Amino acid sequence: MIRFEHVTKRYPDGTTAVSDLTFEVEEGELVTLVGPSGCGKTTTMKMVNRLIDPTGGRIYVDGQDIMATDPVELRRRIGYVIQNTGLFPHKTVLDNTATVPHLLGWSKAKRLARARELLDLVGLDPSVFGDRYPDQLSGGQRQRVGVARALAADPPVLLMDEPFGAVDPVVRERLQNEFLKLQAELGKTVLFVTHDIEEAVRLGDRIAVFGTGVIEQYAPPTEVLGAPANDYVADFVGADRGLKRLSVTRIEESDLERPPVVHLDDAATDAAARLRDENARWAVVLDPDEILHGWVARDAIAKGGSVRQYARRMEAWLPVGATLKQAFATMLQYDAGWIAVVDEATGHFRGILTPAGLHEALRRSIESDAQDVPRGDVELDSVPS
Ligand code: ADP
Ligand code: MG
């Protein structure tokens, strides 16, 4: 969707901001450009909508050479969000949001309807915020308006230059999450500039790590963190890159163990006999709908009745697709030796994640390292307290 071919930008004063850049952003992909200040991120981004013209090479948007495209027509297809949003201070939130539809000559009714729809989409009630002015909003709210405005004409491409850089870390994380949700729905092609590696790995499908005017590595977050291309990248992502990988690697079904399973209404003595047969000390307990109820220890089954009488509730669980960081945090929170993993949509029990499974998932996230790594024998002894 966006393709750079040997792109160079030399400013008139002789500064080479970027040099021989070649990379491609697929349709619907969110790519983060990350690197220290002055490495050429903004220059790279501004060349896409022709705010800056390259001095060498070619850039294609949707197959079209942008130098052969009228800049105004080009910018209609490209939403642009910058830090501090560049909102017009003398215009209301609604009018700010409707800026591009206004330029495109939409009727007043149509553009205001679109602006209301978009404010809703970014979590701002238009009946509350629509008539306010930018200085009557918090920083986070202003950023949301900036995103709404960029989306107003429904452009397929979004350029975002440190859009959440000016807000505090708590609000920033909230904006990141909201934006990820929005992107999951909209599937825009996004080029997102940041100097913050945490933000880059959280948001990016792929990350371009910039050195001075060049891309040092272009890969998914797990790979950049798990297998940095060189010392520069390793240094930039930080010595705690192993920990950072926890937050970008998700639990998959293949990471899970399948412990014995019993149901709430099973006869307790039958369940105990089965666990003895299987040489298991405990089992996961499901309700009749296969929804996780908890667990039961073999030794706890003293008399007859049903499993229900002996089962204990299980608090430590997560859906498939949760991050390893969430898994680890949940284990620690409940002091659990393992956590249950369920299907997000149905709530059905899928298996359990043990520390060994977590370790294997981390290895899986860098395929090159993950090959031929035998999985250690897992002791399913530890029961949650
Ligand atoms: P980043 O966004 O990564 O901080 P920039 O793309 O803004 O980096 O800048 C890259 C380099 O180009 C820097 O050395 C910067 O000083 C230089 N630069 C940026 N804009 C201009 C300009 N208009 N004239 C001369 N040099 C510039
Ligand atoms: Mg910049």
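Please read all numbers here as calculations on a predicted model, not as lab measurements. (Residues numbered from 1 in each chain as written. Chains lettered and ligands numbered in written order. Predicted model: local features only at pLDDT ≥ 70, side-chain atom pairs only at ≥ 80, totals over all residues. Heavy atoms only, no water.)

## Digging into the site of ligand 1
Within the structure, ligand 1 sits among Y11, D13, T15, A17, P36, S37, G38, C39, G40, K41, T42 and T43. Here C39 contributes a backbone N or O atom positioned 3.2 Å from an oxygen atom of ligand 1. Here an oxygen atom of ligand 1 sits 2.5 Å away from a polar atom, N or O, in the side chain of T43. In isolation ligand 1 offers 560 Å² of accessible surface; the protein chains occlude 62% of this area. Taken together, the residues of the shell around ligand 1 break down into 4 nonpolar, 6 polar and 2 charged. (Near = heavy atom within 4 Å. Polar contact = N/O pair within 3.5 Å; in protein donor to acceptor, adjacent residues only side chain to side chain. Areas by Shrake-Rupley, 256 points an atom, 1.4 Å probe, with all protein chains shown as cover. Nonpolar A, V, L, I, M, F, W, Y, C, P; charged D, E, K, R; others polar.)

## What to know about helix α1 (residues 41–48)
Burial analysis of α1 places 6 of its 8 residues in the buried class, the great majority of the element. Those residues of α1 not exposed but buried are K41, T43, T44, M45, M47 and V48. After α1 finishes, the residue R50 shows a positive phi value of roughly 65°. (Buried < 20%, exposed > 50% of the residue type's maximum accessible area, 1.4 Å probe, protein only. Helix = DSSP H or I, 4+ residues; strand = E, 2+ residues; numbered from the N terminus.)

## Here's the deal with the pattern of salt bridges
Counting across every chain of the model gives 17 salt bridges. For D255, the salt bridge goes to R364, with nearest N and O atoms at 2.6 Å. Highlighted residues: D255 in the loop between α12 (241–246) and β11 (261–263) and R364 in helix α15 (residues 355–364), separated in sequence by 109 residues. Taking the relative accessible area as the measure of exposure, D255 reaches 2% and is therefore buried. On the accessibility criterion, R364 (22% relative accessible area) is partly exposed. Via salt bridges that share partners, E252, D255 and R364 belong to a single interconnected network. (Salt bridge = Lys/Arg side-chain N within 4 Å of Asp/Glu carboxyl O.)

## A few points about unusual backbone geometry
Its identity is not glycine, yet D20 carries a phi of approximately 55°, on the positive side. Here D20 lies in strand β2 (residues 16–25). Of note in this structure, E290 is not a glycine but carries a positive phi near 70°. Mapped onto the elements of the fold, E290 is located in the loop between β12 (282–286) and β13 (292–297). You can call E290 partly exposed: its relative accessible area is 32%.

## Describing the domain arrangement of the protein chain
Partitioning the protein chain into structural domains gives domain 1 (2–248) and domain 2 (253–362). Each of domain 1 and domain 2 has a C-alpha centre, and the two are 43 Å apart. (Domains from an automatic or database assignment.)

## Re the pairing of strand β17 (residues 349–353)
Judged by how many residues are buried, β17 sits mostly within the fold: 4 of 5 residues are covered. Here 4 bridges tie strand β16 (residues 339–342) to β17, and the two strands are oriented antiparallel to one another. Counted as the bridge partner of A340 is I352 from β17. Between β16 and β17, which follow one another and run antiparallel, lie 6 residues, and G347 among them has a positive phi close to 80°. (Pairing = 2+ DSSP bridges.)

## So, the sheet that holds β17
In spatial order, the strands read β15-β16-β17; together these 3 strands make up an open sheet with mixed pairing. Where the open sheet ends on each side, the last strands, each with one partner, are β15 (317–319) and β17. Pairs of neighbouring strands in the sheet enclose a mean axial angle of 30°, with direction left out of account. Bridge count between β15 and β16: 3 bridges; the pairing is parallel. Each bridged residue has a counterpart across the sheet, and for P319 the counterpart in β16 is V342. Of the strands in this sheet, β15, β16 and β17 are in contact with helix α14 (residues 324–333), which crosses β15 at around 165°. (Axes fitted to C-alpha atoms, helices over the stretch in contact; angles between N-to-C directions. Contact = heavy atoms within 4.5 Å.)

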